[in-house]
Amino acid sequence: MANRRCRLFHVDAFTRQRFCGNPAIVVLDGDHLSEQEMQTIATEVNCETGFVLESESGDHDMQVRYFTPRHSASFVGHVTIAAQYVRATVEGKTTGKVRQLTGAGVVEIEVTEVDDDLRVAITQNPPSLGPVIPDHHRRQVLDALGISSPSLHNDCPLQIMSKGTSRLLIGLRSPDLLNSLKPDFEELTRLTPHVGAEGYFVFALSPNDKGYGTESRMFCPALGIPEDPVSGNAHGMLGVYLVNQGLLLPQDGRVVFEGRQGHWVRRPGLVQVEVESSGKVAQSVRITGDAVIVYEAEVQV
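This section reports on the structure supplied with the text.

**A few points about the pattern of salt bridges**
Applying the stated criterion across every chain yields a total of 15 salt bridges. Residue Arg-5 is joined to Glu-298 by a salt bridge in which the shortest nitrogen-to-oxygen separation is 3.7 Å. In this pair, Arg-5 is assigned in strand 1 (residues 5-13) and Glu-298 in strand 18 (residues 291-300), connecting sequence segments 293 residues apart. Under the relative-accessibility criterion, Arg-5 is labelled exposed at 51%. Residue Glu-227 pairs with Arg-217 through a salt bridge whose shortest N-O separation is 2.9 Å. Taken together, the residues span a long stretch of sequence, with Glu-227 in strand 14 (residues 225-228) and Arg-217 in strand 13 (residues 211-220) at a distance of ten residues. It is possible to trace a salt-bridge network through shared partners that takes in Arg-7, Asp-29 and Glu-91.

In structure tokens:
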């Protein structure tokens, strides 16, 4: 590697409190890094990492490339929140809209000022509704998660959703049941190629003063993530799923709710979700979250 320096930031996304939410690494000045160098850095820091790059064409303003410690990824929601927060805070790209190129296409970013800090929103095309898994896989997944059939929400089929990656959505009758999960990570990993989902997103609707919110847990052992703290991408999938199933009804063409995740791994976070829809058909999804910089450093490569 050549003797160059990159600015590196450790950021907690979907929270304003350090050591909560979902951690990410953001690397500025990434234009002169090779793909191999990016992967090496992500592996070294052992965290999902976003590399901020200049634009390549006129259809976007900038781009972010994503790497897990194991491989590249097309899109990672919490890393996007973290990258845009760093870009706005450190580089002075304060409030406004920007078109960001990802491996899953161009997404619209909006940075706003809220309570003397910055908040980042991602607007993108809705995820794809996949198949409801067959009964034999359904039984295997429930056994691997420690879920009994009576715990399931009657109106929530076990359905796969896809947006750059795939998740199996599993609805429970009550948020209290999330505490009883006993995931068998080895079995979930074994089931992943057979079920056709890279992760398992278990959620429950939770009444609040705004109507309904959600609480959830997500397990992605096949990706090296036993339990994900807070996922923006999965909450976008959840919003479209809830609209499609008629569990949240649009008001003036949109559904808005707050998703809470991370409590069970002591990293609580909050995702704001907005789905624009025509009836039960989603037109776009907007994910909004806070972030906080934990530390910054320089890395020589």
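**Focus: unusual backbone geometry**
Only a minority of non-glycine residues have a phi that is not negative, and only a minority of peptide bonds are not trans. Although it is not a glycine, Asn-46 adopts a positive phi angle of roughly 55 degrees. Along the chain, Asn-46 turns up in the loop between helix 1 (35-45) and strand 3 (49-54). What makes Asn-46 exposed here is its relative accessible area of 58%.

**Re helix 4 (residues 185-195)**
Looking at helix 4, one finds that the buried residues are Leu-188, Leu-191, Thr-192 and Val-195. Taken around the axis of helix 4, the buried residues stretch over an arc of 130 degrees, which confines them to a single face. Away from its buried face, by an angle of more than 90 degrees, helix 4 presents the exposed residues Glu-186 and Pro-193. Its buried side turned inward, helix 4 meets helix 3 (135-145), strand 10 (159-163), strand 11 (165-172), strand 12 (200-208) and strand 13. Phi turns positive, to about 90 degrees, at Gly-196, one or two residues after helix 4.

Cut-off values and rules
- Residues numbered from 1 in each chain as written.
- Predicted model: local features only at pLDDT ≥ 70, side-chain atom pairs only at ≥ 80, totals over all residues.
- Heavy atoms only, no water.
- Salt bridge = Lys/Arg side-chain N within 4 Å of Asp/Glu carboxyl O.
- Helix = DSSP H or I, 4+ residues; strand = E, 2+ residues; numbered from the N terminus.
- Buried < 20%, exposed > 50% of the residue type's maximum accessible area, 1.4 Å probe, protein only.
- Arc of directions from axis to C-beta.
- Contact = heavy atoms within 4.5 Å.

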